[in-house]
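Residues per chain are reported as follows:
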Amino acid sequence: MRSRYSAYVVGAVDYLGETLHPDHRGDWDRNATARWAAEAEWLGLEVVAVEAGGPDDEEGMVEFVARFNEQGRPMMHRERSRFRRVDGRWYYVDGDIPKPETQRREGPRVGRNDPCPCGSGKKFKKCCGR
């Protein structure tokens, strides 16, 4: 995974194609990959989780976050990537974007007729609860 991220950083688009699993090269858009690699300012890679992918494994998964600037805006790409070993070499198979965890509200809910928590002295329904 780190080598593929590094290839994006230095614009080694051919390496990205070579490390793509042979069964998945048919729909790979080299020009789009080259454009994204060149237009992004790559800021760093964080490996979040790794499953399998050891010396005795034929498949593995890496979850990562790649941070970059695009048109001056900070962005991030989070993915769970699947890799498969073929003849001793690891290839990128595909990836899924993990769904964000559901956020649960902590603390009690404010009722419509309760005082507004902003401290205005008004009822919630006449202040922030509109």
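Summary of the structure given here. This is a predicted model, so every value here is computed, not measured.

Located in the positive-phi region is Ala-52, a residue other than glycine, with phi close to 55 degrees. Tracing the backbone through its elements, the reader meets Ala-52 in strand 1 (residues 40-52).

Further remarks concern the pairing of strand 2 (residues 59-70). Along strand 2, 9 of the 12 residues are buried, which leaves the element largely enclosed by surrounding structure. Taken together, the 12 bridges between strand 2 and strand 3 (residues 73-86) define a ladder with antiparallel strand orientation. Bridging across to strand 3, Asn-69 finds its partner in Pro-74. Linking strand 2 back to strand 3 in an antiparallel pair, the connection comprises 2 residues, with Gln-71 at a positive phi of about 55 degrees.

What follows deals with the side chain of Arg-4. Structurally, the position occupied by Arg-4 is in helix 1 (residues 2-10). Of the buried charged residues, Arg-4 lacks a salt bridge, with Glu-79 as the closest side chain of opposite charge at 7.2 Å. Here Leu-16 takes part through its backbone oxygen, which lies 3.0 Å from a polar atom of the side chain of Arg-4. For Arg-4, the residues in contact, after removing those within four places along its chain, are Tyr-15, Leu-16, Thr-19, Leu-20, Phe-83 and Tyr-92.

Next up on the list: the packing of aromatic side chains. Under the counting rule described, the total for this entry stands at 7 aromatic pairs. Judged by centre distance (5.9 Å) and plane angle (90 degrees), the ring pair of Tyr-5 and Trp-42 falls under edge-to-face. Taken together, the residues span a long stretch of sequence, with Tyr-5 in helix 1 and Trp-42 in strand 1 at a distance of 37 residues. For the pair Trp-42 and Phe-68, a centre-to-centre distance of 5.1 Å together with 45 degrees between the ring planes defines the contact as tilted. Linking Trp-42 in strand 1 with Phe-68 in strand 2, this pair joins segments that are 26 residues apart in sequence.

Definitions and limits used
- Residues numbered from 1 in each chain as written.
- Predicted model: local features only at pLDDT ≥ 70, side-chain atom pairs only at ≥ 80, totals over all residues.
- Heavy atoms only, no water.
- Helix = DSSP H or I, 4+ residues; strand = E, 2+ residues; numbered from the N terminus.
- Buried < 20%, exposed > 50% of the residue type's maximum accessible area, 1.4 Å probe, protein only.
- Pairing = 2+ DSSP bridges.
- Lys, Arg positive; Asp, Glu negative; His and termini not counted.
- Salt bridge = Lys/Arg side-chain N within 4 Å of Asp/Glu carboxyl O.
- Polar contact = N/O pair within 3.5 Å; in protein donor to acceptor, adjacent residues only side chain to side chain.
- Contact = heavy atoms within 4.5 Å.
- Phe/Tyr/Trp six-rings, centres within 6.5 Å; stacked < 30°, edge-to-face > 60°.

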